[in-house]
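# Summary of the model geometry
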Amino acid sequence: YHGFVKQAGIIVFILVVGGAFWLLNATGAVATGIQRFIVRIGKRDLLVLVALTILFSLAGAVFGMSEETIPFVGIVVPLVVSMGYDAFMGMLVVYVASNVGFSSAFLNPFTVGIAQGMADLPLFSGMGYRIFCWALLTVLMAVFVCLYARRTKKEPSPLAPSGLGRSDKGSPSVISSTPSVISSEVEKSDPSLTRRQSWILVVLFLTVVALIVGVTCWDWYMPEITGLFLGMGIVCGIIAGFSANRIADELIAGARDILSAALVVGFASGIIVILQDGKVVDSILHGMQEDL
């Protein structure tokens, strides 16, 4: 109980932010915006691959996009295969890139915000160092993508699923030999970005800007950031034309989806309370010191 009470602010933060991003995803603005980006950049080979790598890495670093990128694999894989690469390249520039950004996040509320809150550190402190780490890892990821692209243009990838790469003789496989069909399928799966969705993306961008300014200039902490994300979710729901009941339902669904993470924080804090109050931590540290 005392563990949950001690971390009540973080638990509320997790539930509210989870609900807000669930509501944001329900509008379809983020998914449609990424699809539009994929189509707009066309087929400039390495430029496309590097741009996609940076885009999805940034999404993972800013708002924790990870498993949400899986649907985009189905869009990007036909695109890269039609350019002569194997299917594994699609996984690299989408899912792997997003997790590179996730692991080196600098604004991710689900990792940086929660961890610093539990450690009683100034929220989003050390921003410059984390941005440097993200940029370095993303550049290394982009270099790896380019090297892998150069290699797979000449020979098949052993990791590519059958029928999605290139044949053993070096000639394009069935899928890669019909780029026009694949291109048309990608374009068909690219809905236009509505005015409502455009405004939702603007609200998301302004939220990120407000988060940076608030934390660095106005000493915002959990209450202010929680309110900011809750406001973002509600405003995006209103712009999307959702009813009040729909907005509430989406917020609850998002909180329900991330409830396990909130419970983990509470129980982990409870374990720390037991270790501290039972003087177990002191004994462990003393024993480690004696062994050293």
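Residues numbered from 1 in each chain as written. Predicted model: local features only at pLDDT ≥ 70, side-chain atom pairs only at ≥ 80, totals over all residues. Heavy atoms only, no water.

## Some details on the confidence of the model for the chain
Rules: For every residue, the predictor reports its confidence as pLDDT, a number between 0 and 100. Runs of E in the DSSP output that reach at least two residues are strands. Runs of H or I that reach at least four are helices, and both are numbered from the N terminus. Here, residues are in contact when the closest pair of their heavy atoms is within 4.5 Å.
Taken residue by residue, the chain gives an average pLDDT of 81. The fraction at 70 or more is 83%. Of all secondary-structure elements in the chain, the lowest mean pLDDT belongs to helix H9 (residues 179-188), at 44, while helix H12 (residues 244-257) reaches the highest, 95. Every residue in residues 156-187 is under pLDDT 50, and counting partners more than four places away or in other chains gives 43 contacts.

## A closer look at helix H8 (residues 127-152)
The test is simple: For a helix, the expected span equals 1.5 Å multiplied by the number of residues minus one. Working definition: with a 1.4 Å probe on protein chains only, accessible area under 20% of the residue-type maximum means buried, over 50% means exposed, and in between means partly exposed.
Here H8 is 26 residues long and its end C-alpha atoms lie 37 Å apart, about the 38 Å a rise of 1.5 Å per residue gives. Along H8, the residues that are buried comprise Met127, Arg130, Trp134, Thr138, Met141, Ala142, Val145, Tyr148, Ala149 and Thr152. Packing partners of the buried residues in H8 comprise helix H4 (46-63), helix H6 (87-103) and helix H7 (109-118).

## So, helix H2 (residues 8-26)
The terminal C-alpha atoms of H2, which comprises 19 residues, lie 27 Å apart, in line with the 27 Å expected from a rise of 1.5 Å per residue. Among the residues making up H2, those that are buried are Ile10, Ile11, Phe13, Ile14, Val16, Val17, Gly18, Gly19, Ala20, Phe21, Leu23 and Leu24. Remark: glycine 28 follows H2 within two positions and exhibits a positive phi of approximately 80°.

## Some details on the side chain of glutamine 116
Position of glutamine 116 relative to the elements: it lies in helix H7. Here glutamine 116 falls in the buried class, since its relative accessible area comes to 9%. In contact with glutamine 116, not counting residues within four places along its chain, are Leu121, Pro122, Leu123, Phe124, Ser125, Arg130 and Tyr221.

## Comments concerning the environment of glycine 227
Position of glycine 227 relative to the elements: it lies in helix H11 (residues 222-239). For glycine 227, a relative accessible area of 41% gives the class partly exposed. Each C-alpha atom of the pair glycine 227 and phenylalanine 13 lies 8.9 Å from the other, and the pair is 214 residues apart in sequence.

## Brief notes about the nonpolar core
Heads up, the rule is: By nonpolar core we mean a set of buried residues, namely Ala, Val, Leu, Ile, Met, Phe, Trp, Tyr and Cys, connected to one another through side-chain atoms within 4.5 Å.
Core analysis: the largest hydrophobic core is formed by 65 residues, its most contacted members being Leu49, Met89, Phe124 and Ile225. Ignoring sequence-local partners within four residues, the contact set of phenylalanine 124 consists of Phe106, Leu107, Asn108, Pro109, Val112, Gly113, Gln116, Arg130, Leu211, Val215 and Ile225.

## Brief notes about a nonpolar patch on the surface
Put simply, the rule reads: Patch definition: residues above 30% relative accessible area lacking any salt bridge, with like charges linked at up to 9 Å and the nonpolar side chains Val, Leu, Ile, Met, Phe, Trp and Tyr linked at up to 5 Å. Calculation of accessible area relied on Shrake-Rupley with a 1.4 Å probe; when residues are assessed, cover is drawn exclusively from the protein chains displayed. We define a salt bridge as a side-chain nitrogen of Lys or Arg found within 4 Å of a carboxyl oxygen belonging to Asp or Glu.
On the surface, Tyr129, Phe132, Leu136, Leu137 and Leu140 cluster together into a nonpolar patch covering about 540 Å² of accessible area. Residue position: phenylalanine 132 is located in helix H8.

## Digging into the pattern of salt bridges
Following the criterion strictly, the structure yields one salt bridge and no others. Its salt-bridge partner being arginine 246, residue glutamate 250 comes within 2.8 Å of it at the nearest N-O pair. Residue glutamate 250 and its partner arginine 246 are located together in helix H12, separated by four residues, close to a single helical turn. The partly exposed category is assigned to arginine 246, whose relative accessible area is 34%.

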